[in-house]
Amino acid sequence: MTNNGRPRTLFEKVWDAHTVRDQSEDSPAVLYIDLHLVHEVTSPQAFSMLRERGLRVRRPDLTIGTMDHSTPTTPRNELGIIPVADAMAAKQLDTFTQNCGDFGIPMYALGDEHQGIVHVIGPEKGLTQPGMTIVCGDSHTSTHGAFGALAFGIGTSEVGHVLATQTLLQNKPKTMAVNVEGKLEEGVTAKDIILAIIARIGIGGGTGHVFEYRGEAIRGLSMEGRMTVCNMSIEGGARAGMIAPDDTTFEYISGRKYAPSSADWDAALADWGRLPTDDGAAYDQEITLRAEELIPMITYGTNPGMGMPITAAVPAPDEERDYNKKIALDKALAYMDLQPGQQLLGKPIDVVFIGSCTNSRISDLRQAAKFIEGRQVAESVRMMVVPGSQQVKRQAESEGLDAVFRAAGAEWREAGCSMCIAMNGDQLEPGQYAVSTSNRNFEGRQGKGGRTFLASPLTAAASAVAGVVSDPRAML
Amino acid sequence: MEKVKHIQGTIVAIPVNDIDTDQIIPARFLKVTDKDGLGKAAFCDWRYLDDGSTPNPDFILNNPAYAGASVLIAGNNFGCGSSREHAPWALIGAGFKAVISTEFADIFRNNALKNGLLPIIVDEETQEQLFSLADEDPSTSVSVDVDAQRLTLPDGRQIQFPLDGFSKYCLLNGVDQLGYLLNLDDEVRDYEARNPQRVATTA
Ligand code: SF4
């Protein structure tokens, strides 16, 4: 598919197909949005604005809501209800119910059989499809790019714009090809790929760009692995990350609730098949990693760019030539209470969190459960396993994974964002160390004073069993 | 949105790189359903001691000499992390009208502009100069001419900064983008007529 013969990238094709009005000297492009996901935390002020101006939601049929961020993940009571102890959170959830009801938006409430983290439910329902534009008031909307969609996070004002007009004003971003060539070794996962990419380019490295992940190692990932990679595009500064759709993508979508059926399916496949980047299309930037060179990754600092191979030593600020980086590293190591040159392997930990929109899907849980089976979580460690959605939870339970986690001494929780964001009761105590499969290790992100090591579900499971940061490859 | 044409105010510096939105406004304050009161929680975990209420005397925003500062000078890559618009709301609530850095995260920049908080990009040399000025003299004041895209330092030095034409137009005229988009209804209808919807969530 070329435009007047000019080869185009995947991103350009999706962008071009959605411009209601092209970008000009005077104004950004006006982009049509195919799917808008809303949740309780970043939407209330947008709905208020609609009310103030007497506006309706233009396309409730292109909008869907779920509760995830401020919801507790504690067990259901005898009535099958998940109680919300926090009054402010309860009010926010009530407001969301009211807003979705008043404006006609379908919504999955806390405890509903379809409820879950917004970036888990879109794909699992088949709502996320190649070539679409998808937005949500949440920066990890980049997750949906795994299907070859252009998906990015927006602020609350923009949530209002999309609710009212189904469009957004956007300046066209640049493109960066991120090639991951070769094959991953055993024990090395999608999470390690993306942590390695971010460690390489830094957390501002992709600012102003959309990533396209390419290469043999990316093609070899399952859809869930691809979602893990795209999820953390924003941690590299890029608002969106995309992967060209292929048979793996089509197979995943086929048969899901909102997937095209019968005759529509063939037409959709034909459309989707034209999306991959044309030969000869140019990117503004390009980087390449070799998959064989990767080993499990872990972060040591207070942003996701401060990551390293798990066998490496914490870097020394004194060896940092850039003054600003030296200061940042000093500050990070002070917060984390780590010494330059220290190994993280063997470092005692207090909590292991398996969950979040990065790593809470069924394959993540299967991988962790397989590792944990027949082993015990160390006495000193609290391990929480939080499925990304009610559907993932049911699937895991039908496979007996909940029993495996429980038998090992881990907590099996209800679906939600949980300890990824620490605004729902699940959080670290000040000073605690956690190995987390989530995506952010900012100061206080998992609870005030808490210290986060980001890693893969395998590394998290291995560390839970050993009670210290551990390399899963030695224990497979 | 109110018109933003000129900004004049004293500066305060937080010379930390990569200040993320979890530092600007921690997630536990996101349970609000309006925009009020977030100013008090801006930089909460740096501003208060462990009890969450005693001001940390070492944190610059608690230094009375800097009270009333309306221009924040920050380290590189300001506003990375989440999409929460609560970050600019909190900064505005805390009295800021502009933030100066060498680089802003994309979503933060968009959110800030929509609320009339001006993100000003300068080079590292200017940033360093501003850090020193703020440190040496808390009464240091700068002025900003939005139309001319010009920042004027106390010594009279003038620095141009980038600002896309559309954002500038919106700031100068107090135009909010929603009004602009609502006016395009016919074009959106045409688009919808040509492009069948991909999914129907109400189905
Ligand atoms: S799991 Fe974490 S990163 Fe993902 S949507 Fe929830 S809070 Fe955001």
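Residues numbered from 1 in each chain as written. Chains lettered and ligands numbered in written order. Predicted model: local features only at pLDDT ≥ 70, side-chain atom pairs only at ≥ 80, totals over all residues.

### Things to note about the overall build of chain B
The helix and strand tally for chain B stands at eight helices and seven strands. For chain B, the spread of C-alpha atoms along the three principal axes comes to 60 × 45 × 25 Å. Sequence separation of at least 24 residues holds for 68% of the intrachain contacts in chain B that already meet a minimum separation of 6. (Helix = DSSP H or I, 4+ residues; strand = E, 2+ residues; numbered from the N terminus. Contact = placed C-beta atoms within 7 Å.)

### Topic: the overall build of chain A
Each helix and strand counted, chain A has 15 helices and 19 strands in total. Relative to its length of 476 residues, chain A is compact, with a C-alpha radius of gyration of 22 Å against a globular reference of 23 Å. Principal-axis analysis of the C-alpha atoms gives chain A an extent of 55 × 55 × 45 Å. The proportion of buried residues among the 476 residues of chain A is 60%. Nonlocal contacts in chain A, meaning residues at least 24 apart in sequence, comprise 77% of its contacts between residues at least 6 apart. (Rg over C-alpha atoms; globule rule 2.2 N^0.38 Å. Buried ≥ 20, exposed ≤ 12 C-beta atoms within 10 Å, placed from the backbone.)

### Quick notes on the nonpolar core
Core analysis: the largest hydrophobic core is formed by 205 residues, its most contacted members being Val352(A), Ala42(B), Ala90(B), Ala98(B) and Val99(B). For this core, the leading source of residues is helix H6 (residues 190-201) of chain A, giving nine residues. When neighbours within four sequence positions are excluded, Ala42(B) is seen to be in contact with Ile24(B), Ile25(B), Ala90(B), Leu91(B), Gly93(B) and Ala94(B). (Core = buried A, V, L, I, M, F, W, Y, C linked by C-beta atoms within 7 Å.)

### Here's the deal with the packing of helix H12 (residues 362-372) of chain A against helix H15 (residues 457-466) of chain A
Packed helix pairs are specified by the crossing angle of their axes together with the interaxial distance, meaning the distance between the axes. Residue and element names in this part refer to chain A. Packing of H12 against H15 brings their axes to within 9 Å, and their N-to-C directions diverge by 30°. Accordingly, the angle class assigned to the pair H12 and H15 is roughly parallel. In the crossing of H12 with H15, the sense of the turn from one axis to the other is right-handed. On the side of H12, the interface is formed by Asp364, Gln367, Ala368, Phe371 and Ile372, while H15 contributes Pro457, Leu458, Ala460, Ala461, Ala462 and Val465. (Axes fitted to C-alpha atoms, helices over the stretch in contact; angles between N-to-C directions. Parallel < 35°, antiparallel > 145°, perpendicular 65-115°, else oblique. Left-handed = near helix turned anticlockwise from the far one by under 90°.)

### Here we look at the site of the ligand
Taken together, 13 residues lie around the ligand, and Ser356(A), Cys357(A), Cys417(A), Cys420(A) and Ile421(A) are the ones closest in. Class assignment for the residues of the shell around the ligand results in five nonpolar, six polar and two charged. (Near = placed C-beta within 6 Å. Nonpolar A, V, L, I, M, F, W, Y, C, P; charged D, E, K, R; others polar.)

### Description of the interface of chain B and chain A
Contact residues are listed per partner, giving 49 residues for chain B and 67 residues for chain A. Top element by residues in the side of chain B that touches chain A is helix H4 (residues 106-114) of chain B. It accounts for five residues.

### Digging into the environment of Ile33(A)
All names here are of chain A. Note that Ile33 resides in the loop between strand E2 (29-32) and strand E3 (35-39). Look at Ile33 and you get buried, because 22 C-beta atoms sit within 10 Å. For the pair Ile33 and Ala151, spaced 118 residues apart in sequence, the C-alpha separation works out to 9.5 Å.

### Overview of the pairing of strand E3 (residues 98-101) of chain B
All names here are of chain B. Residues Ala98 and Ile100 line one face of E3 and the alternating positions Val99 and Ser101 line the opposite face, and both faces are buried. One ladder, built from three bridges, connects strand E2 (residues 71-74) with E3; its direction is parallel. Note on E3: the bridge partner recorded for Leu72 is Val99. Taking the sense of rotation as the criterion, the β-α-β connection linking E2, helix H3 (residues 86-93) and E3 turns out right-handed. In this structure, E3 lies alongside strand E4 (residues 118-121), joined through four bridges in parallel fashion. Following the sheet pairing, Ala98 is matched in E4 by Leu118. (Pairing = 2+ DSSP bridges. Right-handed = clockwise from strand over helix to strand, strands pointing away.)

### A word on the sheet that holds E2(B)
Residue and element names in this part refer to chain B. Here seven strands make up an open sheet; going across it, the order is E4-E3-E2-E1-E5-E6-E7 and the pairing mixed. The strands lining the two open edges of the sheet, one partner per strand, are E4 and strand E7 (158-160). Here the strands of the sheet are splayed against their neighbours by 30° on average, with no regard to which way each runs. In terms of strand pairing, strand E1 (residues 6-14) meets strand E5 (residues 141-145) through five bridges, oriented antiparallel. Looking at E5, one finds that Gly9 is bridged to Val142.

### As for H12(A)
Residues and elements named next belong to chain A. Of all the 11 residues making up H12, eight are buried; the element is thus mostly covered by neighbouring parts of the structure. Among the residues making up H12, those that are buried are Ile362, Asp364, Leu365, Gln367, Ala368, Ala369, Phe371 and Ile372. Along its buried surface, H12 packs onto helix H8 (223-231), strand E15 (351-354), strand E16 (382-385), helix H13 (390-398), helix H14 (401-408) and H15. Positioned one or two residues after H12, Gly374 has a phi angle of 80°, which is positive.

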